[in-house]
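Residue-level listing of the chains:
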Amino acid sequence: MKTSNALVLILVLLYVNASSEWPTHTVCKEDNLELYYKSCDPQQDFAFSIDHCSDITTHTFNIRAAMVLKHSIKELYVKIDLIINGKTVLSYSETLCEPGHSKLIFCGKKKGEQLYYEGPVTLGIKEIPQGDYTVSAKLTNEDHVTVACADFTVKNYMEYY
């Protein structure tokens, strides 16, 4: 029995190492709104969830996100792209962590530490744009190494009044 368990574990580890991309995760799926994500970092996946899918259409909603850091964060930069039909139509970048000026509670975390956030997020927009599109988000540290990367697929057919 122990031999078969060890064999299964080895096969799973080999499969994970042989895979070239992470699976697509469903964050929420309702009648008029669907949200999926896939890690675009070949080294690691992460966990992400939203309390209620319908809350996304409000100005602020609660999320949960977790991962183990593969790289330390002294400085952290985010780049977000809005991609429609394979073309980037909008880009946004911001410094989130730098010496003496940190916007996030996990600035200064070290490699191997767990990053966990549970709480509100404010998008800064009043309505989620309608249609099918991708939001690509990439976090890099001071060494220009990817800390986290994800492509979020949004399918929004909600009517706003």
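A quick note: this is a predicted structure, and the numbers were derived from the prediction, not measured. (Residues numbered from 1 in each chain as written. Predicted model: local features only at pLDDT ≥ 70, side-chain atom pairs only at ≥ 80, totals over all residues. Heavy atoms only, no water.)

Inspection of the secondary structure assignment puts N141 in strand 9 (residues 131-141). Overall, the relative accessible area of 2% leaves N141 in the buried class. Separated by 3.1 Å, the side chain of N141 and the backbone oxygen of S72 make a polar contact. Separated by 2.9 Å, the side chain of N141 and the backbone nitrogen of D143 make a polar contact. Every residue in contact with N141, bar those within four places of it in the chain, is listed here: H71, S72, E75, Y77 and V147. (Helix = DSSP H or I, 4+ residues; strand = E, 2+ residues; numbered from the N terminus. Buried < 20%, exposed > 50% of the residue type's maximum accessible area, 1.4 Å probe, protein only. Polar contact = N/O pair within 3.5 Å; in protein donor to acceptor, adjacent residues only side chain to side chain. Contact = heavy atoms within 4.5 Å.)

Pairing within the open sheet is antiparallel, and its three strands lie in the order 3-4-8. The open sheet terminates on both sides in strands that have one partner only, identified here as strand 3 (47-50) and strand 8 (114-122). Going across the sheet, the axis of each strand differs from the next one's by a mean of 15°, ignoring polarity. Pairing geometry for strand 4 (residues 60-68) and strand 8, over nine bridges, is antiparallel. Within strand 8, the position partnered with A65 by the bridge is Y117. (Pairing = 2+ DSSP bridges. Axes fitted to C-alpha atoms, helices over the stretch in contact; angles between N-to-C directions.)

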